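The chain contents come next:
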Amino acid sequence: MELSLPLIAGASAVLFLLWLLLRDFIVRSPIDVLPGPPSPDAVVGHIFEVFCKKGWDFTRGIAETYGPAAKLRAFLGASIRNRSEPGCHGRMLLVHDPKALHSLLIKDAESYPKCAAPFDEFQLLLGPSLFTTEGAQHRRQRKQLNPVFSIAHLRNMTELFYDIAHRATKAIENRVGSTQGGEVVDVNGWMARTTLEMLGQAALGYSFDNFFEDSTDAFGESLKAFFPTYSRVAVIGFIVPIVSYVMPQSLVRGILSLIPQTDIQRILQISRTMAQRSKEIINEKKMALLKGDDELRYKVGEGKDLMSILLKANMLAAEDERLTDEELVAQMSIFILAGMDTTSNALTRILQVLAEHPKEQERLRSELVEARNGNDISYDALDKLPYLDAVCRETLRVYTPVNVIGRAASKDTSLPLLNPVVAKDGSLMSSIPVPAGTWVLANIQASNCNRTLWGPDAYEWKPERWLQPVPHTLEDARIPGVYSHLMTFSGGTRSCIGFKFSQLEMKVVLSLLVSTFKFELTDKPISWNTSGVSYPTMSEDSDRPEMLLKVTRVVA
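Parameters at a glance
Residue indices follow the written sequence of each chain, beginning from 1 at its first position. The model is predicted, so local features are restricted to residues of pLDDT at least 70 and side-chain atom pairs to those at 80 or more, both for listing and for counting; the totals for chains, interfaces and linings are taken over all residues. The basis for the side-chain values is all heavy atoms of the structure; hydrogens and waters are excluded. Only DSSP runs of H or I covering at least 4 residues are called helices, and only runs of E covering at least 2 are called strands; the numbering of each starts at the N terminus. Under the scheme applied here, a residue whose accessible area is under 20% of the maximum for its type counts as buried, over 50% as exposed, and between as partly exposed, the area being computed with a 1.4 Å probe on protein chains only. We call two residues contacting when some pair of their heavy atoms lies within 4.5 Å. For accessible areas, the Shrake-Rupley method is used with a probe of radius 1.4 Å. Any residue's cover is judged against the shown protein chains and nothing else. For a helix, the expected span equals 1.5 Å multiplied by the number of residues minus one. This arc corresponds to the set of directions leading from the helix axis out to the C-beta atoms. Whenever two N or O atoms come within 3.5 Å, that pair is a polar contact, provided that in protein one can donate a hydrogen and the other can accept it, and provided that, for residues adjacent in sequence, both atoms are side-chain atoms. Aromatic rings from Phe, Tyr and Trp, with only the six-membered ring used for Trp, were paired whenever their centres fell within 6.5 Å, and each pair was classed as stacked if the ring planes differed by under 30 degrees, edge-to-face if by over 60, and tilted otherwise. For two strands to be treated as a pair, DSSP must find at least two bridges joining them. Each axis is a line fitted through C-alpha atoms, and for a helix only the stretch in contact is used; angles between axes span 0 to 180 degrees, taken between their N-to-C directions. We call a set of buried Ala, Val, Leu, Ile, Met, Phe, Trp, Tyr and Cys residues a nonpolar core when their side-chain atoms join them within 4.5 Å. Positive charges come from Lys and Arg, negative ones from Asp and Glu, while His and the chain ends are left out of the count. Any carboxyl oxygen of Asp or Glu that lies within 4 Å of a side-chain nitrogen of Lys or Arg is treated as forming a salt bridge with it. Excluding any residue in a salt bridge, patches collect residues exceeding 30% relative accessible area, merging like charges within 9 Å and nonpolar Val, Leu, Ile, Met, Phe, Trp and Tyr side chains within 5 Å. Each residue carries a pLDDT score, the predictor's own confidence in it, on a scale running from 0 to 100. By definition in this entry, angles of less than 35 degrees are roughly parallel, angles greater than 145 are roughly antiparallel, angles of 65 to 115 are roughly perpendicular, and the rest are oblique. A crossing counts as left-handed when the near helix is turned anticlockwise from the far one by less than a right angle, and as right-handed when that turn is clockwise. The nonpolar class holds Ala, Val, Leu, Ile, Met, Phe, Trp, Tyr, Cys and Pro. Asp, Glu, Lys and Arg form the charged class, and all remaining residues, Gly among them, are polar.

**Some remarks on the overall build of the chain**
So, step 1. Regarding its fold elements, the chain presents 22 helices and 11 strands.
So, step 2. Buried residues in the chain amount to 55% of all 556 residues.
So, step 3. A fraction of 75% describes how many contacts in the chain between residues 6 or more apart in sequence connect residues 24 or more apart.
So, step 4. Summed over its atoms, the accessible surface of the chain is roughly 24300 Å², and 56% of this surface lies on carbon and sulfur atoms.

**Brief notes about helix α16 (residues 358-372)**
So, step 1. With 15 residues, α16 ought to run about 21 Å at 1.5 Å a step, and its terminal C-alpha atoms sit 21 Å apart, in line with that.
So, step 2. Among all positions of α16, only Q361, L364, R365, E367, L368 and R372 are buried. End-on, the buried residues of α16 take up no more than an arc of 165 degrees, which puts them together on one face. Away from the buried face of α16 by more than 90 degrees, exposed residues K359 and E370 are located.
So, step 3. Looking at the buried residues of α16, the elements they touch are α7 (151-176), α15 (325-356), α18 (386-398), α22 (499-516) and β8 (517-521).
So, step 4. Trailing α16 by a residue or two, N373 shows a phi angle of about 50 degrees, which is positive.

**Remarks on helix α4 (residues 98-107)**
So, step 1. Among the residues of α4, P98, A100, L101, S103, L104 and L105 are the ones counted as buried.
So, step 2. N-capping of α4 is provided by D97, with a side-chain oxygen placed 3.0 Å from the backbone N of K99.

**Some details on the packing of aromatic side chains**
Aromatic ring pairs are described here by two measures, namely the spacing of the ring centres and the angle between the planes.
So, step 1. Counted under the stated rule, the structure contains 14 aromatic pairs.
So, step 2. On the basis of an interplanar angle of 75 degrees and a centroid distance of 6.4 Å, the ring pair of F149 and F501 is categorised as edge-to-face. With F149 in the loop between α6 (135-145) and α7 and F501 in helix α22, this pair connects stretches of sequence that are 352 residues apart.
So, step 3. Look at F161 and F501: their rings are 5.3 Å apart centre to centre, the planes differ by 80 degrees, and that puts the pair in the edge-to-face class. On the criterion of sequence distance, the pair formed by F161 in helix α7 and F501 in helix α22 is long-range, its members being 340 residues apart.
So, step 4. On the basis of relative accessibility, which here comes to 0%, the residue F161 falls in the buried class.

**Things to note about the sheet that holds strand β11 (residues 548-553)**
So, step 1. Pairing within the open sheet is antiparallel, and its three strands lie in the order β3-β11-β8. A single partner strand is all that each edge strand has here, and the edge strands are β3 (183-186) and β8. Across the sheet, the axes of successive neighbouring strands diverge by a mean angle of 45 degrees, strand direction being ignored.
So, step 2. Contacting β3, β8 and β11, helix α8 (residues 187-204) crosses the sheet at an angle of about 50 degrees to β3.
So, step 3. The strands touched by α15 are β8 and β11; relative to β8, the strand with the most contacts, the crossing angle is about 75 degrees.

**Section: the sheet that holds strand β7 (residues 439-443)**
So, step 1. Read across the sheet, four strands follow the order β1-β2-β7-β4 without closing on themselves; strand pairing throughout is mixed. The open sheet has two free edges, formed respectively by β1 (69-73) and β4 (404-408), since each of these has just one partner strand. If you compare each strand with its neighbour and ignore which way they point, the axes differ by 25 degrees on average.
So, step 2. As judged from the five bridges shared by β1 and strand β2 (residues 91-95), these two strands associate in the antiparallel manner.

**Comments concerning the nonpolar core**
So, step 1. L93, L204, F226, L351, L415 and F519 are the most contacted members of the largest nonpolar core, which has 140 residues in total.
So, step 2. The element contributing the most residues to this core is α15, with 15 residues.
So, step 3. Membership of the second largest hydrophobic core comes to 13 residues, among which are I62, L72, M92 and W439.

**A word on the side chain of D97**
So, step 1. With respect to the element layout, D97 can be found in the loop between β2 and α4.
So, step 2. For the buried D97, no salt bridge exists, and the shortest N-O distance to an oppositely charged side chain is 7.6 Å, to K99.
So, step 3. There is a polar contact of 3.0 Å between the side chain of D97 and the backbone nitrogen of K99.
So, step 4. Among the polar contacts listed, one links the side chain of D97 to the backbone nitrogen of L418, at a separation of 2.8 Å.
So, step 5. For D97, the contacting residues outside a window of four places in its chain are P68, P416, L417, L418 and N419.

**Digging into a nonpolar patch on the surface**
So, step 1. On the surface, M287, L290, M315 and L316 cluster together into a nonpolar patch covering about 490 Å² of accessible area.
So, step 2. Elements that contribute at least two residues to the nonpolar patch include exactly α12 (262-291) and α14 (306-316).
So, step 3. Given the relative accessible area of 78%, L316 is considered exposed.

**So, the pairing of strand β6 (residues 428-434)**
A regular strand places its side chains on the two faces of the sheet in alternate fashion.
So, step 1. For strand β5 (residues 413-422) and β6, the ladder comprises six bridges, and the chain directions are antiparallel. What sits directly across from V422, in β6, is L428.

**Details of the confidence of the model for the chain**
So, step 1. Of the residues in the chain, 90% have a pLDDT of 70 or more, and the chain-wide mean is 87.
So, step 2. Throughout residues 79-88 the model reports pLDDT below 50, and contacts reaching past four residues in sequence, or to other chains, amount to 34 contacts.
So, step 3. Contacts for the low-pLDDT stretch residues 297-301, under 50 throughout, to residues beyond four places or in other chains number eight contacts.

**Let's talk about the packing of α8 against α22**
So, step 1. α22 packs onto α8 with a crossing angle of 130 degrees between their chain directions and a minimal axis gap of 11 Å. One element, α8, and the other, α22, form an angle in the oblique class. The crossing of α8 and α22 is right-handed. Within the contact between the two elements, α8 uses M191, T194, T195, M198, L199 and A202 and α22 uses F501, E505, V508, V509 and L513.
So, step 2. Residue composition of the contact of α8 with α22, by class: eight nonpolar, two polar and one charged.

**A look at the pattern of salt bridges**
Oppositely charged side chains may form a pair once their charged atoms are brought near each other.
So, step 1. Summed over all chains, the structure comprises 30 salt bridges.
So, step 2. For R155, the salt bridge is made with D380, and the minimal N-O distance between the two is 2.9 Å. Placement of R155 in helix α7 and of D380 in helix α17 (residues 379-383) is noted, with a sequence separation of 225 residues between them.
So, step 3. Of the residues examined, D380 reaches a relative accessible area of 36% and is grouped as partly exposed.
So, step 4. A salt bridge links D209 to R193, with the shortest nitrogen-to-oxygen separation between them at 2.7 Å. You can see D209 sitting in the loop between α8 and α9 (218-230) and its partner R193 sitting in helix α8, a full 16 residues away along the chain.
So, step 5. Given the relative accessible area of 2%, D209 is considered buried.
So, step 6. R193 gets classed as buried once you look at its relative accessible area, which sits at 6%.
So, step 7. Within the structure, one salt-bridge network assembled from shared partners comprises E394, R397, D457, E460, K462 and R465.

Below is the structure:
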């Protein structure tokens, strides 16, 4: 029987696809010597457990059970994300060893890009921003953006932050009234509105909210809905990078637009709204800049917002360092998205733990009332309030807004360990071989609560630990984070560029809210959920971000 060429080609393609799908179970990997939990599913591995709503609980359990490095199973065929991968397929590493994190994020960061594929779902939805680009493009963007977040510019934001915080406080006060019983308030909703307005005016020179109506404009609503909607379509994060090797972004977006699924259509609509409004705002700013400083004085932010500063610098930059309009639009979206949910949910968590710890709440209130003395606290004085700083640091340590961050090994390499781990055969491993294509997840939460470094009470919320020197073991470990021996804001060239901006927002808001209101728990349980950023709901079954607390006006 003579076989036709098309038949041979088709059979070869089928066999090749089967090899891609089944090689996980045939080819052993150097990572297989590491201990880890059994895979719950042959196809998706531990993906759903890591990224489901209670993923924070799963990753904490892995760290507690298996130590600073463990092997997990990835999505079957996940290695298609990187054509150059000759080694490990379908495995992930979950690590929180300090030396391994330093290698991953700083020393050998070039070997661990955020995405090895041509593009991922975030670049598809948000564009080429600091959050989504790699290599030379990322370095060029970072170089242009670093001066924008200088301390000098932050000082200029303080008065603006206070103005917005006062308006938000007054709006909450109007709803709470002066009754002794107080009112139940969606604190998370108010923190989202407050930080969105702060970011809008300070970063973009744009106002989202007047604090009178119950919602922001369409742009603001799109920004607030992005991560909750994304959490329901996160599976595209495994599909988009794979197809990016054979399809351009426009075609992938077109195919997604044909899928009759509500959340996919919603995330695409959010993406379109954000891009369109960003373009309009940038064009308005460019026109104002061309008309000169007199025109800027009449705009929101008076030309002192970060985007106006960036546009001015970009016009003066050398042509090969200048950001394109597409990149500028992408920066706007990520400024708001990265800053709003992380900061608002961190503030929400602080108010929750203060409600759970009334003595600590009263101690903080006393410090703030004394420092305010009827006035707003200056930038320098705010930065030096010890207990306020301790409360912020401790909450960001125990309850990090982002639980894990991922990187993909672009070549065969290894991760050194500060503390050796025990392999399955009982031998000690002082480093972990990492074949090309391996997904490496940095366990931020476990690093922040490492009992070896922080002591046996590492998972307990104790702000007083920051009022004394940190343990020597912690100093010696050299955690690679940019903030207070913590990984909350990551480390290296991809660390959070706006973490000082976020700190100032939080302290300004807390200085007014805690000195004005008393916060107490209701009888309803609060559930925290994993997404791009952790968010609260008032039941485990709900997807609606909210947190209800009883809020009472403090009697002066």
